[in-house]
Amino acid sequence: MFAQQLKELRKRTPHLTQMDMAKELGIAKTTYASYEQGKRTPDIETQNKIADFFNVSLDYLHGREQKSSFSTKQRTVAAHIDDEVTEEQMEDILNYIDFIKQKHAKKD
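What you are looking at is a predicted structure, and each value in this text was computed from that prediction instead of being measured. (Residues numbered from 1 in each chain as written. Predicted model: local features only at pLDDT ≥ 70, side-chain atom pairs only at ≥ 80, totals over all residues. Heavy atoms only, no water.)

Novice: Mind laying out the nonpolar core, listing which residues take part and the relevant values?
Specialist: Generally speaking, nonpolar side chains in soluble globular proteins are found buried as a group. Core analysis: the largest hydrophobic core is formed by 15 residues, its most contacted members being Leu-6, Tyr-32, Ile-50, Phe-54, Val-56 and Leu-61. Within the residue set of this core, elements represented by two or more residues are α1 (2–12), α2 (18–25), α3 (29–36), α4 (44–54) and α5 (58–61). Not counting residues within four places of it along the chain, the set of residues in contact with Leu-61 comprises Met-1, Phe-2, Gln-5, Leu-9, Gln-47, Ile-50, Ala-51 and Val-56. (Core = buried A, V, L, I, M, F, W, Y, C linked by side-chain atoms within 4.5 Å. Buried < 20%, exposed > 50% of the residue type's maximum accessible area, 1.4 Å probe, protein only. Helix = DSSP H or I, 4+ residues; strand = E, 2+ residues; numbered from the N terminus. Contact = heavy atoms within 4.5 Å.)

Next up, the structure:
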């Protein structure tokens with residue numbers, strides 16, 4: 001289940017490659033690929049980094065939780081946006097929302 005969830009999360013993020021994830025985690029691309037193939041399971045520190053990167057819980061990564069905050073956020077935003085928005089445009093919108101949140105958090 002972990003491998004499937006991991007691959008799905010990466011593919012939902014436009015232009016995010018296995019190499020990008022490997023660099024983000026500080027591991028070899030072949031090691032990351034083995035996580036997505038289910039041949040290896042990362043240690044808990046790496047699992048936490050993955051969960052933080054995708055803004056999901058460890059339970060979600062392991063298939064114990066059906067909803068991720070990633071998809072919840074998309075549905076909430078999508079309710080206010082035209083149906084003609086592409087996945088790439090949606091990702092840009094979500095990134096902009098996160099930018100605005102961080103910008104205002106620094107002021108507080």
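Novice: I'd like a description of the packing of aromatic side chains, backed by residues and values.
Specialist: For the structure on display, the rule yields 2 aromatic pairs. Here Phe-53 and Phe-54 contribute two aromatic rings whose centre-to-centre distance is 4.9 Å and whose plane-to-plane angle is 90°, an arrangement assigned as edge-to-face. (Phe/Tyr/Trp six-rings, centres within 6.5 Å; stacked < 30°, edge-to-face > 60°.)

Novice: Mind laying out α3, listing which residues take part and the relevant values?
Specialist: Every α-helix winds through 3.6 residues per turn, so residues three or four apart in the chain are directed the same way. The buried fraction of α3 is high, at 6 of 8 residues. Against α1, α2 and α4 lie the buried residues of α3. Just downstream of α3 lies Gly-38, where phi reads positive at about 75°.

Novice: Before we move on, could you go through the packing of α1 against α3 and cite the residues and values that matter?
Specialist: Close contact between α1 and α3 brings their axes to 7 Å; oriented N to C, the two are set at 115°. Classed by the angle they form, the pair α1 and α3 counts as roughly perpendicular. Residue-level contacts link Phe-2, Ala-3, Leu-6, Lys-7 and Arg-10 of α1 to Tyr-32, Tyr-35 and Glu-36 of α3. When the residues that make up the contact of α1 with α3 are grouped by side-chain class, the tally is 5 nonpolar, no polar and 3 charged. (Axes fitted to C-alpha atoms, helices over the stretch in contact; angles between N-to-C directions. Parallel < 35°, antiparallel > 145°, perpendicular 65-115°, else oblique. Nonpolar A, V, L, I, M, F, W, Y, C, P; charged D, E, K, R; others polar.)

Novice: Explain the packing of α1 against α4 residue by residue, including any values.
Specialist: For the pair α1 and α4, the least separation of the axes is 11 Å and the interaxial angle reads 35°. For the crossing formed where α1 meets α4, the hand is left-handed. Here α1 contributes Phe-2, Leu-6, Leu-9 and Arg-10 to the contact with α4, which in turn contributes Gln-47, Ile-50 and Phe-54. For the contact of α1 with α4, the class distribution of residues is 5 nonpolar, 1 polar and 1 charged. (Left-handed = near helix turned anticlockwise from the far one by under 90°.)

Novice: So, unusual backbone geometry: which residues are in play, and what are the values?
Specialist: For His-15, which is not glycine, the phi dihedral falls at a positive 65°. Looking at where His-15 falls in the secondary structure, it is placed in the loop between α1 and α2. The exposed category is assigned to His-15, whose relative accessible area is 66%.

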